[in-house]
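Each chain is listed here by its residues.
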Amino acid sequence: MSGFNGYIQLVYVLVAAMFVMGLHLMNSPATARRGNQVAQAGMVIAVVATLILLIHSGTVTATGWVVIIVGSLLGSAVGLWAARTVQMTAMPQLVSAFNAVGGGAAALVAVYGYYEAESRVTGVLGTTSVFTVLDVLIGSVTFSGSIIAAGKLQGVIPGQPIIFKGARLVNLGLAVVAIGTAAYMFSTPSLPALLIVVLASLAFGVMMVLPIGGADMPVVISLLNAFTGTAVAMAGFVIQNWALIVAGALVGASGSILTKLMADAMNRSLANIILGGFGTGDSAIAVEAAADAQVRSIAADDAAIQLAYASKVIIVPGYGLAAAQAQHEVVALAQALTDNGVDVSYGIHPVAGRMPGHMNVLLAEANAPYTQLKDLEEVNPEFPRTDVALVVGANDVVNPAARHDKASPIYGMPILDADKARHVLLIKRSLNAGFAGIDNELYYDPKTTFVFGDAKQVLTRIVEELKAQG
Ligand code: NAP
């Protein structure tokens, strides 16, 4: 390693440390923003160091520089535009699109490396490295799988599982072709064989995601995110870039942990998610049953009075809060209650909303005090001594069926024990089901009262009434 190259490698070590530090800071909402900035700065340093390395090596042609500059500008512009304009509720499909780009780019690095080896050694390929093969396999699966996932979430492709007879056999066949051909490449390096691996892996990615139902998509996206990281780490080995190896390994490891946490929070195994059809249950029947049952409802003004007389309130936010974009209103309500001496906290379920950390992100955006945010284990023991559990646009995460109804698709999922509070106020627009498509027995609990309406409008009205009462 030349002296100059050695300096660049040292910079990469610094960058790796910045990535780790950034991730560590993201552990707490109070430091998450700084963590993001540290990791961002690390990425900028890595890109600049790589450009300096390229300039120093003198191997990039004029055309190569044009491609690098135009590509970087185009990619940055699209990324910036997407990140700034996308709605919070559309974040999962954006992440999925980014996964596709990451996986595809990583696979292209390996394909090009292999192709270049052939052209350099007069048509004869060098040995096939295990990193090249894994990069192509995982990167291609991620690319096509993520495009299908983004399409499903965006509604371009039907969200329900797309299943046809013999699909598993086709999947098995594609896996055998991809892995078998990859193994063949170790004894006989061959470009056409590489092409077969790419095509079979692309087809496998499509077939892997098509049968997965809407409710499971966030878990699958997290899994594909872990794949992207692994493919990028493999690309790092192919071109021997340490920053890429470390960044890829961090994404691969954190994505895998997140996938496991989400699957656990839904009490499902990963195999069950990949092979199952959750979120596609017979919701029509469940909701029909709900239509006949008796529920109690009050106006927002009366809810304000009930809240004003409480001494302890736990707010349970869910997907409806995000859909209504009512994060500022819920924080204003919490503030108004706190000002009146009410003890207020938020119960955050790990899979509330439609993406990991959805509620934390929303509430942080509205500057909810971090000390009021409590996770499931911390908040559940508090419900029995709570006067009002105020459930805002949450449904599945407070459904007691998860505790005892073995036939329920959410059986076993840990829930927030809102039903153990003295009173439950449910803010939602109707008796409709949540993402799992099932009825919620909390609706018919004598302790439960609905405040029907859009979360933003109801919360605004409650805050106005609380302020009017002084
Ligand atoms: P949910 O069960 O999907 O229920 C959300 C409720 O919000 C709906 O019942 C809906 O009822 C109401 N709503 C919608 N728009 C509203 C508005 N504008 N104002 C007021 N209410 C509104 O949500 P959740 O309790 O947060 O549970 C999340 C679900 O997603 C779970 O089943 C979880 O397993 C699944 N999931 C989440 C993740 C994740 O990463 N977060 C990952 C995988 C799966 P109305 O139509 O009657 O208003």
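A quick note: this is a predicted structure, and the numbers were derived from the prediction, not measured. (Residues numbered from 1 in each chain as written. Predicted model: local features only at pLDDT ≥ 70, side-chain atom pairs only at ≥ 80, totals over all residues. Heavy atoms only, no water.)

(A) Broad picture of the packing of aromatic side chains. Counted according to the given criterion, the structure contains five aromatic pairs. Consider the rings of F131 and F237, whose centres lie 4.4 Å apart with planes at 10 degrees: the pair is stacked. With F131 in helix 5 (residues 130-154) and F237 in helix 8 (residues 217-239), the pair connects residues that are 106 residues apart, well separated along the chain. On the basis of relative accessibility, which here comes to 30%, the residue F131 falls in the partly exposed class. A relative accessible area of 30% means that F237 is categorised as partly exposed. Geometrically, the ring pair formed by Y443 and Y444 is edge-to-face, given 5.8 Å between the ring centres and 70 degrees between the ring planes. Using a relative accessible area of 2% as the deciding quantity, one classes Y443 as buried. Residue class for Y444 comes out partly exposed when judged on its relative accessible area of 26%. Grouping aromatic residues by their ring pairs yields a cluster made of Y443, Y444, F450 and F452. Here the basic side chain of R354 rests over the ring of Y319, its NZ or CZ set 3.8 Å away from the ring centre. The ring of F435 carries R354 above its face, with NZ or CZ at 3.6 Å from the centroid. (Phe/Tyr/Trp six-rings, centres within 6.5 Å; stacked < 30°, edge-to-face > 60°. Helix = DSSP H or I, 4+ residues; strand = E, 2+ residues; numbered from the N terminus. Buried < 20%, exposed > 50% of the residue type's maximum accessible area, 1.4 Å probe, protein only. Lys NZ or Arg CZ within 6 Å of the ring centre and 35° of its normal.)

(B) Representation of the site of the ligand in the model. In the vicinity of the ligand, 30 residues are found, and the nearest of them are N395, D396, R429, S430 and D454. A distance of 2.9 Å separates an oxygen atom of the ligand from a polar atom in the side chain of R354. Relative to its unbound accessible area of 920 Å², the ligand is 97% covered by the protein chains. Its residues placed into classes, the shell around the ligand shows 16 nonpolar, nine polar and five charged. (Near = heavy atom within 4 Å. Polar contact = N/O pair within 3.5 Å; in protein donor to acceptor, adjacent residues only side chain to side chain. Areas by Shrake-Rupley, 256 points an atom, 1.4 Å probe, with all protein chains shown as cover. Nonpolar A, V, L, I, M, F, W, Y, C, P; charged D, E, K, R; others polar.)

(C) Main features of the pattern of salt bridges. Applying the stated criterion to the full structure yields eleven salt bridges. The shortest N-O distance in the salt bridge between K260 and D264 comes to 2.9 Å. Separated by four residues within a single helix, K260 and D264 lie in helix 9 (residues 242-265), roughly one turn from each other. Each of D301, R461, E464 and E465 takes part in a single network of salt bridges with overlapping partners. (Salt bridge = Lys/Arg side-chain N within 4 Å of Asp/Glu carboxyl O.)

(D) Focus on the packing of helix 12 (residues 300-308) against helix 18 (residues 455-469). Helix 18 packs onto helix 12 with a crossing angle of 55 degrees between their chain directions and a minimal axis gap of 8 Å. Compared by their axis directions, helix 12 and helix 18 come out oblique. Classified by chirality, the crossing of helix 18 by helix 12 is right-handed. Seen from helix 12, the contacting residues are A300, D301, A303, A304, I305, L307 and A308; seen from helix 18, they are V458, R461, I462, E465, L466 and Q469. (Axes fitted to C-alpha atoms, helices over the stretch in contact; angles between N-to-C directions. Parallel < 35°, antiparallel > 145°, perpendicular 65-115°, else oblique. Left-handed = near helix turned anticlockwise from the far one by under 90°. Contact = heavy atoms within 4.5 Å.)

(E) Local environment of the nonpolar core. One finds Y346 and I462 to be the most contacted residues of the largest nonpolar core, which totals 85 residues. In this structure, A110, Y114, L137 and A200 belong to the second largest nonpolar core, which totals 13 residues. (Core = buried A, V, L, I, M, F, W, Y, C linked by side-chain atoms within 4.5 Å.)

(F) Here's a closer look at unusual backbone geometry. Of note, the phi angle at Q240 is positive, near 55 degrees, even though the residue is not glycine. Here Q240 shows up in the loop between helix 8 and helix 9.

(G) Quick peek at the confidence of the model for the protein chain. With 93% of its residues at a pLDDT of 70 or more, the protein chain shows a mean pLDDT of 88. Across residues 277-289, where pLDDT falls below 50, the model places 23 contacts with residues more than four positions away in sequence or in other chains. (pLDDT = per-residue confidence, 0-100.)

(H) Focus on helix 6 (residues 167-187). Spanning 21 residues, helix 6 covers 31 Å between terminal C-alpha atoms, matching the ideal 30 Å at 1.5 Å per step. Within the sequence span of helix 6, burial applies to A167, N171, L174, A178, T181, A182 and M185. Buried residues of helix 6, seen end-on, are gathered within an arc of 110 degrees and therefore sit on one face of the element. Exposed side of helix 6, more than 90 degrees from the buried face: R168, L169, L172, V176, I179 and S187 are the residues found there. (Expected span 1.5 Å × (residues − 1). Arc of directions from axis to C-beta.)

(I) Here's a closer look at the pairing of strand 1 (residues 312-317). By the criterion of burial, strand 1 is predominantly enclosed, with six of the six residues buried. Pairing analysis gives four bridges linking strand 1 to strand 2 (residues 343-348), with the strands arranged parallel. By the bridge assignment, K312 is partnered in strand 2 with D343. Of the strand pairs in this sheet, strand 1 and strand 4 (residues 388-392) are connected by five bridges, and their pairing is parallel. Residue V313 lies in a different strand from strand 4, and its bridge partner there is V388. (Pairing = 2+ DSSP bridges.)

(J) Spatial organisation of the sheet that holds strand 4. If you walk across this open sheet you meet the six strands as 3-2-1-4-5-6, and the pairing is parallel. Across the chains shown, the open sheet's two edge strands, defined by having one partner strand only, are strand 3 (373-375) and strand 6 (448-452). For this sheet, the mean angle separating the axes of adjacent strands, direction not counted, is 25 degrees. Docked against the sheet, helix 14 (residues 327-339) engages strand 1, strand 2 and strand 4, running at close to 150 degrees with respect to strand 2. Where helix 18 meets the sheet, it contacts strand 4, strand 5 (423-428) and strand 6, and its direction lies at approximately 125 degrees from that of strand 5.

(K) Inspection of the environment of F186 at higher detail. Examined against the element boundaries, F186 turns out to sit in helix 6. F186 sits in the partly exposed class, given a relative accessible area of 40%. Remark: the alpha-carbon pair of F186 and L425, spanning 239 residues in sequence, is separated by 64 Å. Each residue touching F186, except ones within four places of it in the same chain, is listed here: T128, S129, V130 and V133.

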